[in-house]
Amino acid sequence: AAAAAEVATEGSGAAAEPTSDPGTPAADTAAGASEGEALAIVHDYFAALGGSLAAQMALGYRYLHGYGVVSDCDKALPYYELAANQAVASFRAASGRYPGQIML
């Protein structure tokens, strides 16, 4: 997992190149993504694994629309499913409350 956070850059300021195994967000980073964007993707990845609803939604959106990663609907789906399951669990836990009181 630590390898996913490593991003190699050329001294000339060239675009970041992932140095991790395929299947991680760093490996899926689009060729034109900046180093900052690649690091943001890696941070979102680990936050999503930790249960962050916002990070799960962000990664789903990135994969669905190809922002900083290669566009892939099949990779977006698991992140959206995690976020949806978390939102449903929050809604059920707040039974009796108005749905607008739950932050999605």
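**What about the side chain of Q56?**
As for its placement among the helices and strands, Q56 is situated in helix α3 (residues 53–65). There is a polar contact of 3.3 Å between the side chain of Q56 and the backbone nitrogen of A83. Among residues more than four places away in sequence, those in contact with Q56 are A48, G51, Y79, L82, A83 and Q86.

**So, the packing of aromatic side chains**
The description of an aromatic ring pair uses the distance of the two centres, along with the angle that the planes make with each other. Evaluation of the coordinates by the stated rule reveals three aromatic pairs. Ring plane angle 0° and centroid distance 5.9 Å describe the contact between Y63 and Y79, whose orientation is recorded as stacked. With Y63 in helix α3 and Y79 in helix α4 (residues 73–93), the pair connects residues that are 16 residues apart, well separated along the chain. The class for Y63 is buried, based on a relative accessible area of 2%. Residue Y79 is classed as buried on the basis of its relative accessible area of 13%.

**Some details on helix α2 (residues 35–49)**
The end-to-end C-alpha distance of α2, which contains 15 residues, comes to 21 Å, matching closely the 21 Å that a straight helix rising 1.5 Å per residue would cover. Positive backbone phi, at 100°, marks G51, one or two positions downstream of α2.

Thresholds applied
Residues numbered from 1 in each chain as written. Predicted model: local features only at pLDDT ≥ 70, side-chain atom pairs only at ≥ 80, totals over all residues. Heavy atoms only, no water. Helix = DSSP H or I, 4+ residues; strand = E, 2+ residues; numbered from the N terminus. Polar contact = N/O pair within 3.5 Å; in protein donor to acceptor, adjacent residues only side chain to side chain. Contact = heavy atoms within 4.5 Å. Phe/Tyr/Trp six-rings, centres within 6.5 Å; stacked < 30°, edge-to-face > 60°. Buried < 20%, exposed > 50% of the residue type's maximum accessible area, 1.4 Å probe, protein only. Expected span 1.5 Å × (residues − 1).

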